[in-house]
Amino acid sequence: DAKTRGLNMISPYEQRMTERLKQRTLLEEELRFALERKQLSLHFQPQFELKSGKLKGFEALLRWHHPELGAVSPDEFIPIAEETGLIVPIGQWVLRSACETMQRILPLCPSSTIGVNISALQLIPEQFPDMVLETAMLTGLPLDRLELELTESELMTSLDSAQEQLTRLSEAGVRLALDDFGVGYSSLNYLRKLPFHRVKIDRSFIQDIGTSKDDELAEAIIRLVRQLHLDVVAEGLESYDQLMRLQEWGCDIAQGYLLGRPMPESELHAFIARNTTSFSEA
Ligand code: C2E
Ligand code: MG
Ligand code: MG
Ligand code: MG
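Residues numbered from 1 in each chain as written. Chains lettered and ligands numbered in written order. Predicted model: local features only at pLDDT ≥ 70, side-chain atom pairs only at ≥ 80, totals over all residues. Heavy atoms only, no water.

- As annotated in an unreviewed UniProt entry, the protein chain carries the name EAL domain-containing protein and is attributed to Cohnella faecalis.

In structure tokens, the structure reads:
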């Protein structure tokens, strides 16, 4: 009797694991249909030049709204998309939609760029550069308005093929950004080997500004990147205090809730209209 009860008893740990597994399997199954059921959309977060206060670009961020599950965070579903290979068709859709939106808003904001996040897995098929160039051509977006954001930790597994693919794109005029800089392993190696135009400092460094010793670290990273003649972008800017410091340190571009949250295309027109003069003049 005691023995059977023992077997039937599920520990809270096992219960949590089972729940998590169920949730994951559910997300995976649902993600397969997300594209065709039109549950995916893009939001766009503005980027400002700190010296002039001018609106300089946008980052496209993927959103998944499921009718029953609600909004699922990219931090939750992107890894699933990567493990299942779904990131390849989803990534193509993201690129296409981002180029289309950018093509529409470019006349309102002529010198801006659109950043599109790319998973390292998308770089594996040899046709990746052709796919990108073709998409830009089909949508009519000039290649130098497109910026691909790559995360350092992911590039590691396939550095050689990534190098080839990215060099081709860079030579064609597409811009490249190293995303989440500072939290991976061999970031400096990437900077040496890959043709990046800019570096996006991970928001963990920005959010600690003014509250910890990391101030010096953020400042040093900015100086380092600028000495390599690359643009520096600060991610996750949330306070004026951080803004002042970043300006002082010579950071080129900033992006964060302080300056603008990610928004759907329908809100972009009004946002651009409100920001035709720089924030420093406002
Ligand atoms: P990321 O590329 O580093 O994007 C920046 C993330 O920081 C976004 O989260 C953005 O909403 C958030 N963020 C921006 N400003 C602030 C701020 O001031 N404070 C805070 N706390 N957060 C801020 P999001 O949209 O949840 O995306 C998370 C990650 O998912 C992205 O990080 C990116 O790695 C990935 N991701 C998003 N869209 C795509 C996509 O289309 N393809 C791929 N492969 N990955 C994507
Ligand atoms: Mg990014
Ligand atoms: Mg990232
Ligand atoms: Mg980032």
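Picking up where we left off.
**Side note on the side chain of Thr139**
Item 1. With respect to the helices and strands, Thr139 occurs in helix H5 (residues 128-139).
Item 2. In this structure the side chain of Thr139 is engaged in a polar contact, spanning 3.1 Å, whose partner is the backbone oxygen of Ala136.
Item 3. Those residues in contact with Thr139 that lie beyond four places of it in its chain are Arg96, Cys99, Glu100 and Gln103. (Helix = DSSP H or I, 4+ residues; strand = E, 2+ residues; numbered from the N terminus. Polar contact = N/O pair within 3.5 Å; in protein donor to acceptor, adjacent residues only side chain to side chain. Contact = heavy atoms within 4.5 Å.)

**Quick word on the coordination of the magnesium ion (ligand 2)**
Item 1. The protein atoms that coordinate the magnesium ion (ligand 2) are Glu59 (OE), Asn117 (OD1), Glu149 (OE) and Asp179 (OD), at distances spanning 2.0 to 2.2 Å.
Item 2. Donor residues binding the magnesium ion (ligand 2) come from one chain and are separated in sequence as E-x57-N-x31-E-x29-D. (Donors = N, O, S within 2.8 Å, 3.2 Å for Na, K, Ca; no water.)

**Observations regarding the site of ligand 1**
Item 1. Around ligand 1 lies a shell of 24 residues, among which Arg63, Asn117, Arg203, Glu238 and Tyr257 are the nearest.
Item 2. A distance of 2.9 Å separates an oxygen atom of ligand 1 from a polar atom in the side chain of Asp179.
Item 3. Take Asp180: an N or O atom from its side chain is 3.0 Å from an oxygen atom of ligand 1. (Near = heavy atom within 4 Å.)

**Details of the nonpolar core**
Within soluble globular proteins, side chains that are nonpolar tend to cluster in buried spots.
Item 1. Judged by nonpolar contacts, the single largest core of 74 residues is most densely connected at Leu31, Phe58, Ile114, Val116, Leu146, Leu148 and Leu246.
Item 2. Counting residues per element, this core draws most heavily on helix H4 (residues 87-105), which supplies eight residues.
Item 3. Residues in contact with Val116, not counting those within four places in the same chain, are Val94, Leu95, Ala98, Leu146, Glu147, Leu148 and Glu149. (Core = buried A, V, L, I, M, F, W, Y, C linked by side-chain atoms within 4.5 Å. Buried < 20%, exposed > 50% of the residue type's maximum accessible area, 1.4 Å probe, protein only.)

**Points about the pattern of salt bridges**
Item 1. According to the stated counting rule, one finds 17 salt bridges in the structure shown.
Item 2. Here Arg37 makes a salt bridge to Glu30, at a shortest N to O gap of 3.9 Å.
Item 3. Arg37 sits in the partly exposed class, given a relative accessible area of 46%. (Salt bridge = Lys/Arg side-chain N within 4 Å of Asp/Glu carboxyl O.)

**Some words on the packing of aromatic side chains**
Item 1. Within the structure shown, the criterion is met by two aromatic pairs.
Item 2. The ring of Tyr257 carries the charged tip of Arg261 above its face, separated from the ring centre by 3.8 Å. (Phe/Tyr/Trp six-rings, centres within 6.5 Å; stacked < 30°, edge-to-face > 60°. Lys NZ or Arg CZ within 6 Å of the ring centre and 35° of its normal.)

**A short note on H5**
Item 1. Across its twelve residues, H5 extends 17 Å between first and last C-alpha, which sits within 8% of the 16 Å expected from 1.5 Å per residue.
Item 2. For H5, the full list of buried residues reads Phe128, Pro129, Met131, Val132, Thr135, Ala136 and Thr139. Within H5, the buried residues cover an arc of 165 degrees as seen down the axis, which keeps them to one side. Facing away from the buried side of H5, by more than 90 degrees, are the exposed residues Met137 and Leu138.
Item 3. If you follow the buried residues of H5, they end up packed against H4, strand E4 (113-118), strand E5 (146-151) and helix H7 (159-171).
Item 4. Positioned one or two residues after H5, Gly140 has a phi angle of 80 degrees, which is positive. (Expected span 1.5 Å × (residues − 1). Arc of directions from axis to C-beta.)

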